[in-house]
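Descriptive analysis of the structure
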Amino acid sequence: MYSIQGRREKLMTAGLFALIVIAFPLLYYTDLVESLKSIPFQVYIEGAGSRAESVAESPPTTTTEETTTTPTTTTTATSTTTPFEVVVDMNEQTPAYKLATRNGTKPFTDDARVTIFEVLNLYDKCRQDSSTIVVDVGANLGDFGLYTAACGCTVYMFEVEPIFVALIRISVQINAFSPSLIHLYHNIVSDEPSKSTVELKSAVDVTANAEIPIEVASIQLDDISWPSSIFLLKIDFDDGEIDALQSAQQLFHDKHIQNLILYYNSVINDQTTKQNIVKHVKNDLKPRFVYIFHSNGKQLYGPLNHVHLEELPALEDKEQPVIGLFAVFDRQIRRKSIKAERYDSKLFFA
């Protein structure tokens, strides 16, 4: 009788522990989602000065906000610390900066972006003119946008995942970036009317069996009051459609976007989606040059001709599924200044 009761108690204890293990991250994530529902349609991040240097070691504190609303924008000055970030030094490139991550794992950055930044002479250009605009759609942890901010560019970042939005805010504080440099939007970039509510499922792994619903407002790039032309627009499609590109139709029509980096998954995206993406770039946007690269490789290949672009949607690479396109609209960039290997589809998608 005693042993049976003991086993029951052990089973109850084990069951309670398992419930806590599963429920805690879900509840934590849900609390984070709820706390970030107050993020306005447009959020400008203000630097936190020297206090931000100790964010990684600070205990959880209360967030204090001062908000000023105008008919078209909402400006928020925020000082936030949370218990879930691990700050890493991103010093593989110059200039170096600090990045708040979930677990201390650095995102891969030693790729074709470095080559593209060199082609565009991004560092010198932003040092000479801090009003140079870089736009990062699908920011994730923000490593692309934060590096360009470290170069001195004015950066607009768009991200739908609440956890990533919170981590980017911490990164901005830690680096004490100028408030005029960083513009962070907790929105989905889409061709839906701006401020439409869009329901999504979180792509961030929180528990093994939980899908976290997210509600975010849509925004069109055409609806933003840009102070000048966009020097570099980066869009990460992931498994999405071409909505983000279509939300910038007027900007492209008016030649207010000079360069475009476009990532898409050649395996997850079906052929129709890939056809729509490539057709839109080729026929509607009409860039001067288009180059292709692997997301984890440094080399650019191209420029792609009409035949290359026609066959591209039918091609996929299961070993390196995510590929990138670099489209040049800028009249000041010469083809001979872009170091690229000759493109051969059979070799590239081998």
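The structure this text deals with has already been given above.
In what follows, the accompanying structure is described. Predicted model, so just to flag it, every value in this text is computed and none were measured.

What about helix α2 (residues 112-120)?
Among the nine residues of α2, eight are classified as buried, and the element is accordingly described as predominantly covered. Looking only at α2, the buried set comprises Ala112, Arg113, Val114, Thr115, Ile116, Phe117, Val119 and Leu120. Positive phi appears at Asn121, one or two residues downstream of α2, with a value of about 55°.

Some points on empty space enclosed by the protein
Within the structure shown, the criterion is met by two cavities of 30 Å³ or more. Estimates place the volume of the largest cavity at around 50 Å³. Looking at side-chain class alone, the lining of the largest cavity contains four nonpolar, two polar and two charged residues.

Concerning helix α5 (residues 162-175)
Across its 14 residues, α5 extends 20 Å between first and last C-alpha, which sits within 8% of the 20 Å expected from 1.5 Å per residue. Most of α5 sits inside the fold, with 14 of its 14 residues counted as buried. Looking one or two residues past α5, Ala176 carries a phi angle of roughly 50°, positive in sign.

Quick word on the state of the cysteines
Counted by the stated rule, this structure contains one disulfide. Covalent S-S linkage joins Cys126 and Cys153, the inter-sulfur distance amounting to 2.0 Å. The S-S bond linking Cys126 to Cys153 shows a torsion near 90°; that makes this disulfide right-handed. Here Cys153 lies in the loop between α4 (143-151) and β7 (154-158) and Cys126 lies in helix α3 (residues 122-128), a separation of 27 residues in the sequence. Grouping residues by exposure puts Cys126 and Cys153 together as buried. Free of any disulfide, Cys151 has its nearest neighbouring cysteine sulfur in Cys153, separated by 5.4 Å. Judged by its relative accessible area of 1%, Cys151 is buried.

How each quantity is defined
The numbering scheme is per chain: residues are counted from 1 as the chain's sequence reads. With the structure being a predicted model, the display of local features is reserved for residues of pLDDT at least 70 and the display and counting of side-chain atom pairs for 80 or more, all residues being used for whole-chain, interface and lining totals. As a rule here, side-chain values cover all heavy atoms of the structure and leave hydrogens and water aside. Whether a residue is buried, partly exposed or exposed follows from its accessible area with a 1.4 Å probe, protein chains only, as a fraction of its type maximum: under 20%, in between, or over 50%, in that order. Under the DSSP-based scheme used, a helix requires at least four consecutive residues in state H or I and a strand at least two consecutive residues in state E, with every element numbered from the N terminus. Cavity and pocket criteria rest on a 1 Å grid covering protein atoms alone: a 1.4 Å probe that fits but cannot get out defines a cavity, protein on both sides within 12 Å along at least 5 of 7 lines defines an open pocket, and an atom within 4 Å of a point defines a lining residue. Grid points are joined across faces, edges and corners, and a volume is the space filled by probe spheres set on the points. In this classification, Asp, Glu, Lys and Arg are treated as charged, Ala, Val, Leu, Ile, Met, Phe, Trp, Tyr, Cys and Pro as nonpolar, and every other residue, Gly included, as polar. A helix is expected to span 1.5 Å for every residue after the first. Cysteine sulfur atoms are paired as a disulfide whenever they come within 2.5 Å of each other.

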